[in-house]
Amino acid sequence: MRIGIEAAAPFPYGFELASTALVLIDMQRDFMEPGGFGETLGNDVSLLQAIVPATRKVLQAWRAAGGLVVHTREAHAADLSDCPPAKRNRGKPALRIGDEGPMGRILVAGEPGNQIIEALAPIDGEIVIDKPGKGAFYATGLHELLQQRGITHLLFGGVTTEVCVQTSMREANDRGYDCLLLEDCTESYFPAFKAATLDMVRAQGAIVGWTAPSAALLAALLNHAA
Ligand code: TIU
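Residues numbered from 1 in each chain as written. Predicted model: local features only at pLDDT ≥ 70, side-chain atom pairs only at ≥ 80, totals over all residues. Heavy atoms only, no water.

J.: Sorry if this is basic, but what is going on with the sheet that holds strand β4 (residues 68-74) here?
T.: If you trace the 6 strands from one edge of the open sheet to the other, you get β7-β4-β3-β8-β9-β10, paired in parallel fashion. Sheet topology places β7 (127-131) and β10 (210-212) at the edges, where each strand pairs with a single neighbour. Between one strand axis and the next, the sheet turns by 25 degrees as a mean value, whatever way the strands run. Pairing of strand β3 (residues 20-25) with strand β8 (residues 153-159) involves 6 bridges; the strand directions are parallel. Its bridge partner lying in β8, Val23 is registered against Phe156. Across the sheet, helix α7 (residues 191-206) touches β9 (178-187) and β10, and the angle it forms with β9 is around 160 degrees. Seen against the sheet, helix α8 (residues 214-225) touches β8, β9 and β10 and runs at an angle of roughly 120 degrees to β9. (Pairing = 2+ DSSP bridges. Helix = DSSP H or I, 4+ residues; strand = E, 2+ residues; numbered from the N terminus. Axes fitted to C-alpha atoms, helices over the stretch in contact; angles between N-to-C directions. Contact = heavy atoms within 4.5 Å.)

Below, the structure is given as structure tokens:
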């Protein structure tokens, strides 16, 4: 049975539970907590905490409904063979990718800082994608995994809105997925960039996709279960 989100913008969004995945982008300590990659770039990471309660509610409701969950982490191999020098050498961060920080090596797979925060930690049966780029589809097997499961629709949350979330959503859109971004489950270090991203995603007749508040998704799921 089709589930409808009437409150989605720029117009209602519909999906089938069995062909839809919830994709949570990079909800890892590197971006969410002091001492990680986000802070080394000069950002106030405390801003991102605001979305954790709503994102947790969505994750729990999506799991209860039996929907597929995908988690991503921005992560590099320990030898940095998948980190282009252009990425590592960009700018003047306090610590570079691969350097030892308070939560282990910055943005390196398996380090404490690279783990998804406890409130949103993956459980058995959920897909976890380590991605070397900002987009979730670049140099990962995500598209193939979604194709194998017949997924056509993606609901996005995560951080940061205008960097990894928007890049992933654009990659997904180009691969033919109908994408919706949960407005209160995504955050940026720059509130103006978040607002601009929400606007640009849904402009021009949903040129990249839809947006909706998470309450609209939760209500739709409850309706569906009733
Ligand atoms: N710096 C920033 O806003 N974001 C990133 O580097 N990665 C993600 O968005 N995950």
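That shown, we press on.
J.: What's the story with the pairing of strand β1 (residues 2-5) in this structure? I'm lost.
T.: Across a regular strand the side chains alternate sides, sitting on one face of the sheet and then on the other. Of the two faces of β1, the one lined by Ile3 and Ile5 is fully buried and the one lined by Arg2 and Gly4 carries no buried residue. Bridging between β1 and strand β2 (residues 13-16) involves 4 bridges; their strand directions are antiparallel. Across the sheet, the residue bridging to Ile3 is Phe15, located in β2. (Buried < 20%, exposed > 50% of the residue type's maximum accessible area, 1.4 Å probe, protein only.)

J.: Looking at this structure, how should I read the packing of aromatic side chains?
T.: Two measures describe an aromatic ring pair: the distance that separates the ring centres and the angle between the ring planes. For the structure shown, the criterion picks out 7 aromatic pairs. Between Phe15 and Trp62, the ring centres sit 5.9 Å apart and the planes meet at 50 degrees, which makes this aromatic pair tilted. Taken together, the residues Phe15 in strand β2 and Trp62 in helix α3 (residues 52-65) connect sequence positions 47 residues apart. As far as the burial class goes, Phe15 and Trp62 line up, both buried. (Phe/Tyr/Trp six-rings, centres within 6.5 Å; stacked < 30°, edge-to-face > 60°.)

J.: Explain the pairing of β7 here, please?
T.: Side chains of β7 alternate between two faces, with Ile127, Ile129 and Lys131 buried and Val128 and Asp130 left unburied. Sheet analysis places β4 next to β7, joined by 5 bridges and oriented parallel. Bridge assignment links Arg73 to a residue of β7, and that residue is Asp130.

J.: Can you help me understand the site of the ligand in this one?
T.: In the vicinity of the ligand, the residues found are Asp26, Phe31, Phe37, Leu41, Glu74, Lys134, Val159, Thr160, Val163, Cys164 and Tyr189. Burial of the ligand by the protein chains amounts to 93% of its free accessible area of 280 Å². Residues of the shell around the ligand, tallied by class, amount to 7 nonpolar, 1 polar and 3 charged. (Near = heavy atom within 4 Å. Areas by Shrake-Rupley, 256 points an atom, 1.4 Å probe, with all protein chains shown as cover. Nonpolar A, V, L, I, M, F, W, Y, C, P; charged D, E, K, R; others polar.)

J.: It is not clear to me how the pattern of salt bridges should be interpreted in this structure. Could you clarify?
T.: If charged atoms from side chains of opposite charge come close, those side chains can pair. The final tally for this structure, using the stated rule, is 10 salt bridges. Close ionic contact of Glu74 with Lys87 constitutes a salt bridge, the shortest N to O distance being 2.7 Å. Of the two residues, Glu74 is situated in strand β4 and Lys87 in helix α4 (residues 85-88); the sequence distance between them amounts to 13 residues. Among the residues examined, Glu74 registers a relative accessible area of 0% and is labelled buried. Among the salt bridges present, the one from Glu183 reaches Arg202, with a minimum N-O distance of 3.6 Å. (Salt bridge = Lys/Arg side-chain N within 4 Å of Asp/Glu carboxyl O.)

J.: How do you make sense of the nonpolar core when you look at a structure like this?
T.: Ranked by size, the top nonpolar core spans 43 residues in total, and within it Ile5, Tyr13, Leu22, Met27, Trp62, Leu180 and Leu217 carry the most contacts. By residue number, the principal contributor to this core is α3, which donates 5 residues. Dropping the residues within four chain positions of it, Leu22 is found in contact with Val58, Leu59, Trp62, Leu68, Val69, Val70, Leu155 and Leu182. Grouped together as the second largest cluster of nonpolar side chains are 24 residues, Ala21, Leu68, Val165 and Leu198 included. (Core = buried A, V, L, I, M, F, W, Y, C linked by side-chain atoms within 4.5 Å.)

In short, the description is geometric, and any link to function would need to be established separately.
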